[in-house]
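# Examination of the molecular architecture
Residues per chain, in single letters:
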Amino acid sequence: MIDTQALCAEQRWRAAEIICYDNFLVDPPAFIAGADVGFEQEGAVTRAAIAILRYPSLELVEYQVARIATTMPYIPGFLSFRESPALLAAWQQLWQKPDLIFVDGHGISHPRRLGVASHFGLLVDVPTIGVAKKRLCGEFAPLDAAAGSLAPLEDKGEQLGWVWRSKARCNPLFIATGHRISADSALAWVQRCMAGYRLPEPTRWADAIASRRPAFQHWLQQHLEVLQ
C-alpha cells in the first residue's frame, strides 16, 4: 500500500526548496538536455531517455536511455515519484552533464508545486524547465489560433508558468519553472530552442530517441557512416 499522505508531505517540503529565479552556473548554457519518460511491458518497465544538445547549434552530441523496473504504480498527482528513478539512472550514464534541462512534464504547474521537472531538478541540482503537453492544474485565458499566442497559467492567485502556442494548429505547451530558473526565463529558453516543430529541440530529441523515431534513426545512420 502506497502511503499517499507521506508522499504529499514530501512533495510539500521538496516544493519549499525550489528556486524560482535564475541560478545558472554557465550562462548561456553550453549544453542543454531534454528528458522524456515512458513505460514499457504494460507499465512494468520505466524507460527514461536524456538527449544532450550543444547550444546554440542545438546539435545532438550524446544520448542515454535507461530501463528499470517500475518502482510504484500510477497514482494521479504523484507521477514524479514513478518517473524520477529512471531519470536518475539515465543521468548517471551521461558523460556530458548539461547546464540546463528541459523535462517533458510539469514543473511547479502541479497542485502541490512538484511536477517531475521540479522533482528531478532538485535531485540533480541543475536548472530545469517543465515543458508539458497538457494542463494539470491552473487556469488560463483562451489563446488565439496563431503561433506565438501566450497567456499566464494561474492558480489561486499565483502564476505557475506560461501557456504558449508554439505552432499554429497545434495544442499549446505548458511551460513552468522546474528549479533554479524563473518562469519568464523558462519561456525564453524554450523559445530559443525551437526549430519549426511543436516541441523544443531538447525534448523533441529525447522523445525521438525514446521511441526510435525516423529522425533519430537517420542521425544514427549518419554517425555510423562517419565512424566507418
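Note that the structure is a prediction, hence the values are computed from the model and not measured.

So, on to the overall build of the protein chain. A count of helical and extended segments in the protein chain gives 6 helices and 8 strands. N-terminal to C-terminal, the α/β element order of the protein chain is α-β-β-β-α-β-α-β-β-β-β-α-α-α. Each of the three principal axes of the protein chain carries a C-alpha extent, and together these read 55 × 45 × 35 Å. Per-residue burial over the protein chain gives 55% buried out of 228 residues. For the protein chain, the share of sequence-separated contacts (at least 6 apart) that also reach a separation of at least 24 residues comes to 62%.

As a further point, take the UniProt feature "binding site: Mg(2+)" (unreviewed entry) in the protein chain. Here the UniProt-annotated "binding site: Mg(2+)" (unreviewed entry) positions come out as Asp36 and Asp104. Spatially, the listed residues are clustered: although they cover 69 residues, their C-alpha atoms lie within 5.3 Å of one another. When you line up the elements, Asp36 lands in strand E1 (residues 31-40). The class of Asp36 is buried, set by a relative accessible area of 6%. The contact partners of Asp36, leaving out residues within four places of it in the chain, are Arg47, Ala48, Ala49, Asp104, Ala206, Asp207 and Ala210. Note on placement: Asp104 falls in the loop between strand E4 (100-103) and helix H3 (116-124). Once residues within four sequence positions are removed from consideration, Asp104 is found in contact with Ala35, Asp36, Val116, Val131, Lys133 and Thr203.

Right, let's talk about the packing of aromatic side chains for a bit. All told, the structure shown has 7 aromatic pairs when counted by the stated rule. With a centroid separation of 6.1 Å and 15 degrees between ring planes, the pair formed by Phe216 and Trp219 is classed as stacked. Here Phe216 and its partner Trp219 are both found in helix H6 (residues 214-227), 3 residues apart, which amounts to about one turn of the helix. In this structure, Phe216 and Trp219 share a single accessibility class: buried. The rings of Phe24, Tyr55 and Trp189 are connected pair by pair, giving a single aromatic cluster. In this structure, Arg82 packs its charged tip against the face of Phe39, placed 4.1 Å from the ring centre.

Scoring rules and cut-offs
Residue indices follow the written sequence of each chain, beginning from 1 at its first position. Whole-chain, interface and lining totals are the exception, using all residues; otherwise, since this is a predicted model, local features are given only for residues with pLDDT of at least 70 and side-chain atom pairs are given and counted only at 80 or more. Computation of side-chain values: all heavy atoms of the structure, hydrogens and water removed. Secondary structure elements follow DSSP: runs of H or I no shorter than four residues count as helices, runs of E no shorter than two count as strands, and numbering proceeds from the N terminus. Accessibility here uses a 1.4 Å probe with only protein chains present; expressed as a share of the type maximum, an area under 20% marks a residue as buried, one over 50% as exposed, and anything in between as partly exposed. Contact between two residues is taken to exist if any of their heavy atoms lie within 4.5 Å; hydrogens are not considered. UniProt positions are given in the numbering used here, feature names are shortened, and annotations may be inferred rather than shown by experiment. Working definition: a ring pair exists when centres of Phe, Tyr or Trp rings (six-membered ring for Trp) sit within 6.5 Å. Plane angles under 30 degrees give stacked, over 60 give edge-to-face, the rest tilted. Think of it as a cone above the ring: NZ of Lys or CZ of Arg counts as a charge over the ring if it is within 6 Å of the ring centre and within 35 degrees of the ring normal.

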